[in-house]
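Fold and contact review
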Amino acid sequence: ELSPLGQQSLQGKSVIVTAGGTRERLDPVRFLTNDSSGKMGYAVAEAAQQAGATVTLITAPTRLTPPAGVTVVPIQSTSDLAQAVLDRFPQADALVMAAAVADFQPLDVADQKIKKSADNDGLILKLRKTPDILAEVAKIKQPHQVTVGFAAETQNLLANAQHKLHSKSLDLLAANDVSRTDIGFNSDDNQVTLIDANGEQTQTPKTSKIQIATLLVDQLAKILATK
Ligand code: CTP
Ligand code: CA
């Protein structure tokens, strides 16, 4: 039996999905990044497309092949990602921020490779906070638009997740316990708690990222249908 929404629940809708770990360059040959594989975001892009949406996948470098038929926008840094999202969001119906966004970026990017020097045992990097993309999006979000975030937490999962849901004005948030090594970053499987703007929580089973993505897209479609 199909759910009332059916398989084409995002027909005619335009969905932006972000994926992968952003890279913050230190010098021409080095960057700071994180463990994100991009698998969750790519799975969401695929599920959204299967639900009938027109999908734009804004992606940091990954080892993955994007699903056929999605528009791919490659980015590297958080600033690139912010610009790519903010340029496109006004025309979109929904945004799913599955990217693992760097929270800090080097204050200066060295033009030349940073050298070891004889009188230095170490190197102190000066970093500054990156822009919070979802917080920027919240400022321009229209009532018909839906935003979805992921919360990566190693402790106080639900409390931290609830806080992010409200502070970023999200319609839906997937809370992810990244302290577990059997799920999350890099794994093929995941388990998340989906929390909507009413505080309604749904825990998914531990299953493939494709399955999780399908559940998430289903909820996204339901929320979009009420707007
Ligand atoms: N995010 C964002 N811009 C950033 C950092 C994160 O849009 N500069 C998005 C992520 O893509 C994710 C959500 O915000 O959908 C939550 O990311 P997370 O790293 O869990 O939370 P932060 O707000 O960065 O807080 P912290 O890392 O300190 O827990
Ligand atoms: Ca963060």
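As the structure is a computational prediction, the values presented were derived from the model and not from experiment. (Residues numbered from 1 in each chain as written. Chains lettered and ligands numbered in written order. Predicted model: local features only at pLDDT ≥ 70, side-chain atom pairs only at ≥ 80, totals over all residues. Heavy atoms only, no water.)

Bringing the UniProt feature "binding site: CTP" (unreviewed entry) in the protein chain into the picture now. Taken from the UniProt record, the annotation "binding site: CTP" (unreviewed entry) applies to Asp103, Lys113, Pro131, Asp132, Ile133, Leu134, Phe150, Lys164 and Lys168. Of the residues just listed, which span 66 residues, the most distant C-alpha pair is 37.4 Å apart, and they do not cluster in one region. Among the structural elements, Asp103 can be located in the loop between β6 (94–97) and β7 (104–106). Discounting residues that sit within four places of it in the chain, Asp103 has contacts with Arg128, Lys129 and Thr130. Structurally, Pro131 is set in the loop between β8 (127–129) and α3 (133–140). Pro131 sits in the partly exposed class, given a relative accessible area of 34%. Non-local contacts of Pro131, meaning those with residues more than four positions away in its chain, are made with Thr78, Ala82 and Gln105. (UniProt positions renumbered as here; feature names shortened; annotations may be inferred. Helix = DSSP H or I, 4+ residues; strand = E, 2+ residues; numbered from the N terminus. Contact = heavy atoms within 4.5 Å. Buried < 20%, exposed > 50% of the residue type's maximum accessible area, 1.4 Å probe, protein only.)

Strand order in the open sheet formed by eight strands is β5-β4-β1-β6-β9-β10-β12-β13, and the pairing between neighbours is mixed. Looking at the sheet topology across the chains shown, the edges are occupied by β5 (71–74) and β13 (201–203). Taking each pair of neighbouring strands and ignoring which way they run, the sheet shows an average axis angle of 15 degrees. Here strand β10 (residues 172–177) runs beside strand β12 (residues 192–196); their pairing, made up of five bridges, is antiparallel. Looking at the pairing, Ala174 lines up with Leu194 of β12. Each of β1 (14–19), β4 (54–59), β5 and β6 touches helix α2 (residues 78–88); the most contacted strand, β4, lies at about 160 degrees to it. Helix α4 (residues 157–167) contacts β9 (146–153), β10, β12 and β13 of the sheet and is inclined by roughly 150 degrees relative to β10. (Pairing = 2+ DSSP bridges. Axes fitted to C-alpha atoms, helices over the stretch in contact; angles between N-to-C directions.)

Looking at the element boundaries, Asp171 is found in the loop between α4 and β10. A polar contact of 2.8 Å, which involves the side chain of Asp171, links it to the backbone nitrogen of Thr147. Residues within four places of Asp171 in sequence aside, it is in contact with Lys141, Gln145, Val146, Thr147, Leu165, Ile195, Asp196, Ala197, Ile223 and Lys227. (Polar contact = N/O pair within 3.5 Å; in protein donor to acceptor, adjacent residues only side chain to side chain.)

Okay, the confidence of the model for the protein chain next. Keep in mind that low pLDDT regions are not for reading the predicted coordinates in detail. Model confidence for the protein chain is summarised by a mean pLDDT of 93, while 96% of its residues fall at 70 or above. What the predictor reports for the complex is a pTM of 0.94 with an ipTM of 0.99. (pLDDT = per-residue confidence, 0-100.)

To continue, consider the site of ligand 1. Around ligand 1, a shell composed of 15 residues is seen, among which Met97, Pro131, Phe150, Lys164 and Lys168 lie nearest. Within the side chain of Thr130, a nitrogen or oxygen atom sits 3.4 Å from a nitrogen atom of ligand 1. A distance of 2.7 Å separates an oxygen atom of ligand 1 from a polar side-chain atom of Lys164. Only α3 and β9 provide two or more residues apiece to the shell around ligand 1. For the shell around ligand 1, the leading source of residues is β9, giving four residues. In terms of residue class, the shell around ligand 1 is made up of nine nonpolar, two polar and four charged. (Near = heavy atom within 4 Å. Nonpolar A, V, L, I, M, F, W, Y, C, P; charged D, E, K, R; others polar.)

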